[in-house]
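Listed below are the residues making up each chain.
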Amino acid sequence: MEKIEKIRKELNSHFIEREEEVDMLITAILSRQHCLLLGPPGTGKSMLCRAVASHIEGAQYFEWLLTKFSTPEEIFGPLDLKKLEEGIYQRNTAGKMPESHIVFIDEIFKANSAILNSLLSIINERIYHNNTQPVEVPLISLFGASNELPEEEEGLQALYDRLLLRKVLQPISDYQNLQKLLLLQNEYEPKITVTFDEVEKMQNDAMNVDISGIITDLLHIKRDLEKEGVIISDRRLKQSVSVIKAFAFLNGRKKAIGDDLSILQYVFWTDPKEIPTVKNVVLAVSNPFAQKAAELSAILRDLKKEVSKYTEISQEVIEIYNKTAKIISNLDDLIREAKKAHKSVTELERVRKEAEALKEYIAQSVLKLA
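Below: a short report on this structure. Please read these numbers as outputs of a predicted model, since none were measured by experiment.

## Let's talk about the overall build of the protein chain
Thinking step 1. For the protein chain, the count of helices and strands is 15 helices and seven strands.
Thinking step 2. Here the protein chain has a C-alpha radius of gyration of 22 Å; the compact-globule value for 370 residues is 21 Å, and the two agree.
Thinking step 3. Split into buried and exposed, the 370 residues of the protein chain put 48% on the buried side.
Thinking step 4. If the 49 positive side-chain charges of the protein chain are averaged to one point and the 57 negative ones to another, these points end up 4 Å apart.

Shown next as structure tokens:
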């Protein structure tokens, strides 16, 4: 457990403003589930997935960019010509997806029908049919990336549904964090690694986490979401249990608590338009303090946009500066209250850093304070 926490911190120190994504990918590995990273190019999707995989010693990592012209050979390997001469339609899968532990498929919704069925079989059953022979694959997790969601008529809904954890990535928003980004070394080199035996033990331990204390809250979330028009299928509800257990384990717990339900904000939405509703409902039940942090973070985003219009001192800038200072004060109060209530303060502290960074930027770059 100590190792996984060190890996978590190591990834967060390199991948700026990607704490949620790091937690999601590690949770996926612990629960043997699959992820979708949705967002524009240049947000570090492939680099992050590659880095996460690099922490597993000996892990076979497969990465591919799909296009509408991609062929099964690119993903599953070329036909074995010697076998073909014998009338055996078998692929040489060496170095390809069927022999990989962690897979990253960019533009995953470009998968055509020739690729889709085998892809679904690997994701769902960890089975690849090679010359009609079912072969077990060592896949732990598949990470998919896309700039957009599939249209219903494209026949890719089954694939989309199997990507249980979903996150929309945004470009780095904080000015100081952009400065840090420019100073980072290009190549990510893991310092702490885990063996396959250690990963398997962590997965088993994670699935033994006790969730009896949060079942009522989980069903409460489902009920409240359905009131808002967000329908959770029985299968997705059942699969969410493995994610909750893994996230609780990641946070050092053998028994899940309300805070661990916060991971469901990346599980229960289908259309990105549902994200604010799902996040609000999930956090209202799992941790109202995190819900408040999300509200203050949204206010800060608006203040950032507003202050970017100014390059010199004005009454408007001073008002933005004072509003930011007030938010920091509110966050300090909320952090104290959350600690008294034994609730996680992670989101509150993250938003506080965001607010401090904005305040400092205004002071130095606009108000020109020493």
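## Structural notes on empty space enclosed by the protein
Thinking step 1. What the rule picks out here adds up to one cavity of 30 Å³ or more.
Thinking step 2. Considering the residues around the largest cavity, the lining is formed by Ile4, Ile7, Leu11, Ile26, Ile29, Leu30, Val52, His55, Ile56, Val194, Val199 and Met202.
Thinking step 3. Those elements that place two or more of their residues in the lining of the largest cavity are helix H1 (2–14), helix H2 (19–31) and helix H9 (196–207).
Thinking step 4. The residue inventory of the lining of the largest cavity, partitioned by class, reads 11 nonpolar, one polar and no charged.

## Considering the environment of glutamine 170
Thinking step 1. Relative to the helices and strands, glutamine 170 is located in the loop between strand S7 (165–168) and helix H8 (175–183).
Thinking step 2. Taking the C-alpha atoms as reference, glutamine 170 lies 32 Å from valine 209; in sequence the two are 39 residues apart.
Thinking step 3. Residues in contact with glutamine 170, not counting those within four places in the same chain, are Arg18 and Thr43.

## Examining helix H14 (residues 315–340)
Thinking step 1. Spanning 26 residues, H14 covers 38 Å between terminal C-alpha atoms, matching the ideal 38 Å at 1.5 Å per step.
Thinking step 2. Among all positions in H14, only Val317, Ile320, Tyr321, Thr324, Ile327, Ile328, Leu331, Leu334, Ile335 and Ala338 are buried.
Thinking step 3. As for H14, its buried residues are in contact with helix H13 (288–307) and helix H15 (346–366).
Thinking step 4. Positive backbone phi, at 60°, marks histidine 342, one or two positions downstream of H14.

## Digging into the pattern of salt bridges
Thinking step 1. Overall, the coordinates contain 24 salt bridges when judged by the stated rule.
Thinking step 2. In this structure, lysine 167 and glutamate 21 form a salt bridge, with 3.2 Å as the shortest nitrogen-oxygen distance. Of this pair, lysine 167 sits in strand S7 while glutamate 21 sits in helix H2, and the two are 146 residues apart along the sequence. Glutamate 21 matches lysine 167 in its accessibility class, with the two residues each being buried.
Thinking step 3. In this structure, glutamate 107 and lysine 110 form a salt bridge, with 3.3 Å as the shortest nitrogen-oxygen distance.
Thinking step 4. Taking relative accessible area as the criterion, glutamate 107 reaches 14% and is therefore assigned buried.
Thinking step 5. The partly exposed category is assigned to lysine 110, whose relative accessible area is 34%.
Thinking step 6. Through salt bridges with shared partners, a single ionic network connects Asp161, Arg162, Arg235 and Arg236.

## Considerations on the packing of aromatic side chains
Thinking step 1. This structure, assessed with the given rule, holds four aromatic pairs.
Thinking step 2. Aromatic pair phenylalanine 76 and tyrosine 128: ring centres 5.3 Å apart, planes at 20°, arrangement stacked. Of this pair, phenylalanine 76 sits in helix H4 (residues 72–76) while tyrosine 128 sits in strand S4 (residues 127–130), and the two are 52 residues apart along the sequence.
Thinking step 3. Its relative accessible area of 1% is what places phenylalanine 76 among the buried residues.

## What to know about the packing of H13 against H15
Thinking step 1. Orientation of H13 relative to H15, taken along the N-to-C sense of each, is 20°, at an axis distance of 9 Å. Judged on the interaxial angle alone, H15 and H13 are roughly parallel. Taken as a pair, H13 and H15 cross one another with a handedness that is left-handed. For the pair H13 and H15, the contacting residues are Phe289, Ala290, Ala293, Leu296, Ser297, Leu300, Arg301, Leu303, Lys304 and Val307 in the first and Glu347, Leu348, Arg350, Val351, Glu354, Ala355, Leu358, Tyr361 and Ile362 in the second.
Thinking step 2. Grouping the amino acids of the contact of H13 with H15 by side-chain chemistry returns 13 nonpolar, one polar and five charged.

Rules of the game
Residues numbered from 1 in each chain as written. Predicted model: local features only at pLDDT ≥ 70, side-chain atom pairs only at ≥ 80, totals over all residues. Heavy atoms only, no water. Helix = DSSP H or I, 4+ residues; strand = E, 2+ residues; numbered from the N terminus. Rg over C-alpha atoms; globule rule 2.2 N^0.38 Å. Buried < 20%, exposed > 50% of the residue type's maximum accessible area, 1.4 Å probe, protein only. Lys, Arg positive; Asp, Glu negative; His and termini not counted. Charge placed at Lys NZ, Arg CZ, Asp CG, Glu CD. 1 Å grid on protein atoms, 1.4 Å probe; cavity = no way out; pocket = protein on both sides within 12 Å on 5 of 7 lines; lining within 4 Å. Points joined across faces, edges and corners; volume = space filled by probe spheres on them. Nonpolar A, V, L, I, M, F, W, Y, C, P; charged D, E, K, R; others polar. Contact = heavy atoms within 4.5 Å. Expected span 1.5 Å × (residues − 1). Salt bridge = Lys/Arg side-chain N within 4 Å of Asp/Glu carboxyl O. Phe/Tyr/Trp six-rings, centres within 6.5 Å; stacked < 30°, edge-to-face > 60°. Axes fitted to C-alpha atoms, helices over the stretch in contact; angles between N-to-C directions. Parallel < 35°, antiparallel > 145°, perpendicular 65-115°, else oblique. Left-handed = near helix turned anticlockwise from the far one by under 90°.

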